[in-house]
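# Chain and residue survey
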Amino acid sequence: MQLTGRSILTTEYPDQVMGEKFRQVICNFQFLEKALNLSLKMSLTVFNRIHALVDKAMPTGDGLFSGQLGLSLYYYCVYSLLDETDYAEKSIELLEEVMNREEQSSGGLNGYSLANGTAGLGYLLSLYAREGIVELNLEEDFAAADEQLFQHTLQQLKENGSPDFLHGATGTMHYFVTRCSEPQIRNYLEQLADAFSQLAIHTPKGCWFPSFIADKNEQQFINTSLSHGQSGFLLILLELIEKGIREKELRVLVEEGILFLLQLKEAPDPARGQYSYFPSLVLAATESAKERGHSAKNETRSYSNRLAWCYGDLNIVLLLYKAAAILDKPLWKMMADEMGKEIVKRETEPSTLVTDSHFCHGSAGLISYYTALYRYSGLPVYQSAAKYWMEKTTIYLDKEIDQHYYGGKEADLLEGLPGIALALLSFQYQKETAWDRLLLL
């Protein structure tokens, strides 16, 4: 955001007729402008270093989050920010290579997930078709793949499969939402929404959804995160509500789901080393748990100070902002504002668990997260926080690049260099990208 204001900074009033207070306002604007311009220059310089390494990347798979499709998305986002057609051509070239391997049954996609499988390919094709950089009729050309993906996802939801965002059913729903104007895709989404609703565990305090990443025994824990748990599930349901899909039924579920999360909120206690408002995991109150005496909070709730895209308080703050806007719940926005103003003060390693620059749970993800929260709230503290973490990211990268810290992860969007580069370049131009939208920001 440009902070200059010509009518103020180039005022024609002589200094002697300006009050001290007005002069101070001008000085503050000039200081903020210089600080932001310096930050932008830093972000672009570091982006160029990273981009040179990404250009040499040799991905080992084809997935959207850590393979060749991810590199294709990376170059598309760079194209959308820099408007240089060479990047668009590189993006399409990488996509075509993946498509050719899939047609020859030698592809590197793994299963059906958004992160590594068919849903990720569909998401990228849908994006490029909407933006007009490829000529595709997905209703015809991808119909068989869509049907397979739908049937697999429906089976996941009905047969105790994972609703996980990155690796399970809600990731597929996120892809289908991008094409929900198509009658067949809308029909798929309605059936998936109905099946997902059946997973809800209703309690007097609200509802939650069982989930797991790899081990089905994890379903005894209520995961509150965006990447694998409640926050991500509810954000996907909000997308469906926005598109008018099972709107009445899903509104009730989202409201109950948010109420369940809010009743978990506790005041942070830094003296005990607890900085988070919300637990990352909660042991479900099953009868067997009650019999074992698992009713004490310190036994049923697991706290982490993680502050990141994947886990932590910011997930629930984002959820509250989006739900407040979509469901017309101004109180939830007020709650998000109140928590957000405190969360931005968490800058130390113990209070954030941030130790490096990568996107998933490092400093680069916080640049994009705080930038997104500024869009939803208009609170300047989020802008300042994004700037702080941009500067931290450049400091981390100065060492990491020299130490080849991301060796072998030059094509990994979440945990490697491309995601960091996109966070820096998006900060440079103060523009949202397709990478942000993919990640629900």
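The structure under discussion appears in the preceding block.
Here's a quick rundown of the structure. (Residues numbered from 1 in each chain as written. Predicted model: local features only at pLDDT ≥ 70, side-chain atom pairs only at ≥ 80, totals over all residues. Heavy atoms only, no water.)

The helix and strand inventory of the protein stands at 20 helices and five strands. Residues counted as buried form 52% of the 441 residues belonging to the protein. Pairs at least 24 apart in sequence give 68% of the contacts found in the protein among residues at least 6 apart. Of the roughly 20,000 Å² that the protein leaves accessible, carbon and sulfur atoms contribute 50%. (Helix = DSSP H or I, 4+ residues; strand = E, 2+ residues; numbered from the N terminus. Buried < 20%, exposed > 50% of the residue type's maximum accessible area, 1.4 Å probe, protein only. Contact = heavy atoms within 4.5 Å. Areas by Shrake-Rupley, 256 points an atom, 1.4 Å probe, with all protein chains shown as cover.)

Under the criterion given, the structure shown has 17 salt bridges. The salt bridge partner of Asp194 is Arg246, with a shortest N-O separation of 2.8 Å. Within this pair, whereas Asp194 is found in helix α9 (residues 183–197), its partner Arg246 is found in the loop between α10 (230–242) and α11 (247–262), the two being separated by 52 residues in sequence. Residue Asp194 is classed as partly exposed on the basis of its relative accessible area, which comes to 33%. Sharing partners across several salt bridges, the network here consists of Arg49, Asp398 and Asp402. (Salt bridge = Lys/Arg side-chain N within 4 Å of Asp/Glu carboxyl O.)

Throughout the structure, instances matching the rule amount to two cavities of 30 Å³ or more. Taken as a whole, the largest cavity encloses approximately 70 Å³ of empty space. Every residue along the wall of the largest cavity is listed here: Thr224, Ser276, Phe278, Pro279, Ser280, Ser304, Arg306, Tyr311, Gly312, Asp313 and Ile316. Grouping the constituent residues of the lining of the largest cavity by class yields four nonpolar, five polar and two charged. Considered as a void within the structure, the second largest cavity measures approximately 50 Å³ in volume. Lining of the second largest cavity is provided by Ile367, Ser368, Thr371, Arg375, Ala423, Ser426, Phe427, Glu432 and Asp436. For the lining of the second largest cavity, the elements supplying multiple residues, two or more each, are α17 (363–377) and α19 (417–429). Per element, the largest residue contribution to the lining of the second largest cavity is four residues, and it comes from α17. (1 Å grid on protein atoms, 1.4 Å probe; cavity = no way out; pocket = protein on both sides within 12 Å on 5 of 7 lines; lining within 4 Å. Points joined across faces, edges and corners; volume = space filled by probe spheres on them. Nonpolar A, V, L, I, M, F, W, Y, C, P; charged D, E, K, R; others polar.)

Spatial ordering of the open sheet is given by β3-β4-β5, a layout of three strands whose pairing is antiparallel. If you trace the sheet from one side to the other, it starts and ends with β3 (221–223) and β5 (301–302), each paired once. (Pairing = 2+ DSSP bridges.)

Next up on the list: unusual backbone geometry. Not every positive phi belongs to a glycine, and Leu353 is a case in point at roughly 65°. With respect to the helices and strands, Leu353 occurs in the loop between α16 (349–352) and α17.

Mapping Asp62 onto the fold places it in the loop between α2 (20–54) and α3 (68–82). The class for Asp62 is buried, based on a relative accessible area of 3%. Beyond its immediate stretch of four places on either side in the chain, Asp62 contacts Gly67, Gln68, Leu69, Val98, Arg101, Gly107, Gly108 and Leu109.

In summary, soluble globular proteins display a tendency toward joint burial of nonpolar side chains. Formed by 137 residues in total, the largest nonpolar core has its most connected members in Ile50, Phe65, Leu73, Phe209, Trp309, Tyr370 and Trp435. If we skip the residues at most four places from it in the chain, Leu73 touches Leu64, Leu124, Leu127, Tyr128, Leu413, Ala434, Trp435 and Leu438. (Core = buried A, V, L, I, M, F, W, Y, C linked by side-chain atoms within 4.5 Å.)

Limitation: the analysis is restricted to geometry and does not speak to function.
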